[in-house]
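Per-entry structural report
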Amino acid sequence: MNWDETGPDTGDLTDEALDDRLVDAGADGEDTAVEAALRPKDLHEFVGQEKVREQLDLVLKAARARGATADHVLLSGAPGLGKTTLSMIIAAEMEAPIRITSGPAIQHAGDLAAILSSLQEGEVLFLDEIHRMSRPAEEMLYMAMEDFRVDVIVGKGPGATAIPLELPPFTLVGATTRAGLLPPPLRDRFGFTGHMEFYAPTELERVIHRSAGLLDVAIDTAGAAEIAGRSRGTPRIANRLLRRVRDYAQVKAEGRIDRDIAAAALRVYEVDARGLDRLDRAVLGALLKLFGGGPVGLSTLAVAVGEERETVEEVAEPFLVREGLLARTPRGRVATPAAWAHLGLVPPQQGAKGQQGLFGA
Ligand SMILES: Nc1ncnc2c1ncn2[C@@H]1O[C@H](COP(=O)(O)OP(=O)(O)OP(=O)(O)O)[C@@H](O)[C@H]1O
């Protein structure tokens, strides 16, 4: 058997290290500044998502032809796939201003009433993480979306009165990573729902070439393909990896990016050929090397890599599952044959399987 007893190298994966993960699809401070410059400005520049793009194009063109405000739009999909970008494109195509806020920022119905009552006619209101809005705000939103009206409650207890407030027609663009968590009455009030898929490597190559052009970075086709393959189907990650590879190329290769430079740079940043980083490999390594590929309980696996259960379950596992490297089964976590191949290890013989299944939750 080709697995040693030393266990995986988990290094010191502190909270800060997790916050700074290059392959995290969420935005960090540096992203927000650069992302503004890299955002496609219209539907033609927006790469991929053919279906959503085509359907949205029709919705917007029809609204423009009628001289009306566009229907409310719900965009669902994982972080970093372009929901905010698309909402800005909707506003640009409708030649309307946009207001950006998020569900967690709206704790009270009054917060929402203040925003809604200050909208201009035709304005686009982008509500990120709409599934995290408070219940009273959500109920106020139902009426606002349907009738362009809200009832503002003045006073408390039996003396409270509802003052109706007319709103100008506006377009709500709601974004959510969890469409299934939205209550049906809210979901039903959107005229158009677009589901954003992960991007194919060739689409990410186009994103990378476009961003490289805007950042004035020289990159060849093979270099872009190398970065695309490690970007987990996510434009935000592709752009972030491109920036790190650019740093490396500036210091080591007069700024030019080709396949070797991209691969060498991403080796330094510990992002492997499939887009796994140190945490992902630590989890997979423990599962294979310490537990013979499982099944092993989540808590045991988390202790083995020196992480919280939640970190393993919510940060590392989703991508490993998506990549077909790890399966969550009722008996615990199990590595797939692809996991053994990816780490260059040989699975234990069938006969040695007796030791498996001994590791509890
Ligand atoms: N289809 C695309 N074509 C080109 N660039 C894209 C595309 N989608 C996203 N990007 C780029 O990826 C970055 C992240 O996109 P965006 O902020 O729109 O994602 P998001 O889905 O709103 O993420 P979150 O849910 O975390 O807010 C932006 O810099 C944007 O320029």
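Now for a quick tour of the structure.

The rules behind the values
- Residues take numbers from 1 onward in each chain, read along the sequence in its written order.
- Only residues with pLDDT of at least 70 are given local features in this predicted model, and only at 80 or more are side-chain atom pairs given and counted; all residues enter the totals for whole chains, interfaces and linings.
- In computing side-chain properties, one takes all heavy atoms of the structure into account and sets aside hydrogens as well as water.
- Definition of nearness: a residue and a molecule or strand are near each other if at least one heavy atom of the residue lies within 4 Å of the molecule or strand.
- Each polar contact in these results corresponds to two N or O atoms within 3.5 Å; when the atoms are within protein, one needs to be able to donate a hydrogen and the other to accept it, and residues that are neighboring in sequence are counted only if both atoms are side-chain atoms.
- Per-residue accessibility takes into account occlusion by the displayed protein chains alone, with areas from the Shrake-Rupley method and a 1.4 Å probe.
- By definition, any uninterrupted DSSP run of H or I lasting at least four residues is a helix, any uninterrupted run of E lasting at least two residues is a strand, and each is numbered from the N terminus.
- For this classification, the nonpolar set comprises Ala, Val, Leu, Ile, Met, Phe, Trp, Tyr, Cys and Pro, the charged set comprises Asp, Glu, Lys and Arg, and every other residue, Gly included, is treated as polar.
- The criterion for strand pairing is that DSSP finds at least two bridges linking the strands in question.
- To get an axis, a line is fitted to the C-alpha atoms, and for a helix only the part in contact is used. The angle between two axes follows their N-to-C directions and goes from 0 to 180 degrees.
- We call two residues in contact when some of their heavy atoms are within 4.5 Å.
- Salt bridge, as applied in this entry: a Lys or Arg side-chain nitrogen positioned within 4 Å of an Asp or Glu carboxyl oxygen.
- Accessibility here uses a 1.4 Å probe with only protein chains present; expressed as a share of the type maximum, an area under 20% marks a residue as buried, one over 50% as exposed, and anything in between as partly exposed.

**Section: the site of the ligand**
Near the ligand you find 19 residues, and of these V47, K83, T84, T85 and R236 are the closest. The side chain of Y199 places a nitrogen or oxygen atom 3.0 Å from a nitrogen atom of the ligand. For the ligand, whose unbound accessible area comes to 630 Å², protein coverage reaches 95%. Every element with two or more residues in the shell around the ligand is listed here: α2 (29-38), α4 (83-93) and α10 (235-252). Residues of the shell around the ligand, tallied by class, amount to nine nonpolar, five polar and five charged.

**Focus on the sheet that holds strand β3 (residues 124-128)**
The sheet built from five strands is open, its strands ordered β2-β3-β6-β1-β7 with parallel pairing. Only two strands of the sheet have a single partner each, and these edge strands are β2 (98-102) and β7 (192-195). Taken over all neighbouring pairs, the strand axes of this sheet differ in orientation by 15° on average, direction set aside. Two elements, β2 and β3, share five bridges in a ladder whose sense is parallel. Following the sheet pairing, S102 is matched in β3 by D128. Packing against the sheet, α4 makes contact with β1 (73-76), β2, β3 and β6 (171-176), and its axis sits at approximately 175° to β3.

**So, the pattern of salt bridges**
If you walk through the whole model with that rule in mind, you get 25 salt bridges. Across the pair D151 and R149 runs a salt bridge, and its minimum N-O distance is 3.5 Å. Its salt-bridge partner being R232, residue D280 comes within 2.3 Å of it at the nearest N-O pair. Highlighted residues: D280 in helix α12 (residues 278-290) and R232 in the loop between α9 (221-229) and α10, separated in sequence by 48 residues. The two residues D280 and R232 agree in class, both being buried. One salt-bridge network, in which partners are shared between bridges, spans R21, R232, D277 and D280.

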